[in-house]
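Results of the structural survey
Each chain is listed here by its residues.
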Amino acid sequence: MDRRLNSRALAAVALCVTLAACGRSDPGTYIASAQSYIAKAEYRAAIIQLRNAIKDKPENAEARFLLAKSLLAVGDASGAELEIRKAIDFRYPANEALPVLARSLLQQGQFNKVVTELGSVQVEGADARAEVSATLALAYLALGRTQDARAAVGKAVEAGPANVNARVAEARVTAFDGDVTRALAQIEAVVAANPGNTDALLLKADLESARGDGSSAAKTLERVIEINPSGTAARF
């Protein structure tokens, strides 16, 4: 009798362990699910999946990287900075990580940090150089270092002529120099080529408002909310 009971108890324990294992997803499954949400701009759902992946495997650099990008998309720049630094610690490729670090610092208003941490870093890859240089241009602009901003945006456009952030930074520097009409033309070209880019649309709305076209600015902002209802991109 005791043996039969013990056998049944062991079988029950084994079944519970099996069911528990089946109920868990491996980090790769969580990451794949998160990527599908990111593709649909459902960043908050992606964040949940990525946190699950990290809970199971804290050293997963890809999950940290994607979490940082998703947090940026919903406006949590400080959280994004924390995650991207961890991704870097876990050896995520610098050419992908550094642009995210730069933008997370910029969105927190830590302009001096952008310059001190990334101003002299050698970034591999033309697109990554364009991204980092574009962010540096905006940081310099915020610090009143207009000559440095112009130089940085020139490097950004040279490294990535079709890079969206480089072209957005270029239009912002143009507007800062007082040529709002030219800046608006520049950003309209960016939006035409990249109609879903919220940073470009936000600058377009700013420039439309600066020209006194509040109606167009409101429509542009409505478009931003349609594209990314879970968060609004930072404005500089």
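Residues numbered from 1 in each chain as written. Predicted model: local features only at pLDDT ≥ 70, side-chain atom pairs only at ≥ 80, totals over all residues. Heavy atoms only, no water.

What follows covers the overall build of the protein chain. Secondary structure assignment for the protein chain yields 13 helices and zero strands. Along the protein chain, from the amino end to the carboxyl end, the secondary structure elements read α-α-α-α-α-α-α-α-α-α-α-α-α. Per-residue burial over the protein chain gives 44% buried out of 236 residues. Residue pairs in contact within the protein chain that sit at least 24 positions apart in sequence constitute 53% of those at least 6 positions apart. (Helix = DSSP H or I, 4+ residues; strand = E, 2+ residues; numbered from the N terminus. Buried < 20%, exposed > 50% of the residue type's maximum accessible area, 1.4 Å probe, protein only. Contact = heavy atoms within 4.5 Å.)

Attention now goes to the pattern of salt bridges. Two side chains bearing opposite charge may form a pair once their charged atoms approach each other closely. Taken as a whole and assessed by the stated rule, the structure comprises nine salt bridges. As a salt-bridge pair, D177 and R150 come within 2.7 Å of each other at their nearest N and O atoms. In this pair, D177 sits in the loop between α10 (164–176) and α11 (180–193) while R150 sits in helix α9 (residues 146–159), placing the two residues 27 residues apart along the sequence. Where E208 meets K204, a salt bridge forms, and the shortest distance between an N and an O atom there is 2.5 Å. Highlighted residues: E208 and K204, both in helix α12 (residues 198–210), separated by four residues, approximately one helical turn. For the pair E208 and K204, a shared accessibility class is recorded, and that class is buried. Taken together, the salt bridges that share partners define one network made up of E81, R85 and E117. (Salt bridge = Lys/Arg side-chain N within 4 Å of Asp/Glu carboxyl O.)

What follows covers the confidence of the model for the protein chain. When pLDDT is averaged across the protein chain, the result is 90; 86% of the residues are at 70 or more. Confidence scores differ between elements of the protein chain, with helix α1 (residues 2–23) showing the lowest mean pLDDT of 47 and helix α5 (residues 77–89) the highest of 98. Residue range residues 9–23 is modelled with pLDDT below 50. Its contacts to residues more than four positions away, or to other chains, number zero contacts. (pLDDT = per-residue confidence, 0-100.)

This part takes up the nonpolar core. If you look at the biggest cluster of nonpolar residues, it comprises 53 residues, and the most contacted ones within it are L50, F65, I84 and L136. Setting aside its immediate chain neighbours within four residues, I84 contacts F65, A68, A97, V100, L101 and S104. Core analysis: the next-biggest nonpolar cluster, separate from the first, contains 16 residues, A175, I187, L201 and I227 among them. (Core = buried A, V, L, I, M, F, W, Y, C linked by side-chain atoms within 4.5 Å.)

This part takes up α9. Compared with the 20 Å implied by 1.5 Å per residue over 14 residues, the 20 Å span of α9 between its first and last C-alpha is a close match. Listed in full, the buried residues belonging to α9 are A149, A152, V153, A156 and V157. The buried residues of α9 occupy an angular sector of 135° when projected down its axis, which confines them to one face. Along α9, the residues that are exposed and aim more than 90 degrees away from the buried face are Q147, K155 and E158. (Expected span 1.5 Å × (residues − 1). Arc of directions from axis to C-beta.)

Assignment of secondary structure puts R103 in helix α6 (residues 94–107). For R103, the contacting residues outside a window of four places in its chain are L72, T135, N165 and D199.

Let us now look at the environment of L202. Secondary-structure assignment places L202 in helix α12. With relative accessibility at 3%, the residue L202 sits in the buried group. A C-alpha to C-alpha distance of 6.7 Å links L202 and L221, two positions 19 residues apart in sequence.

With the rule as written, the count across this model stands at one aromatic pair. Considering the side-chain rings of F65 and Y92, the 4.4 Å spacing of their centres and the 15° angle between planes classify their relative orientation as stacked. Separated by 27 residues along the polypeptide, F65 in helix α4 (residues 61–73) and Y92 in the loop between α5 and α6 bring together distant segments of the chain. Relative accessible area serves as the criterion here: at 6%, F65 is assigned to the buried category. (Phe/Tyr/Trp six-rings, centres within 6.5 Å; stacked < 30°, edge-to-face > 60°.)

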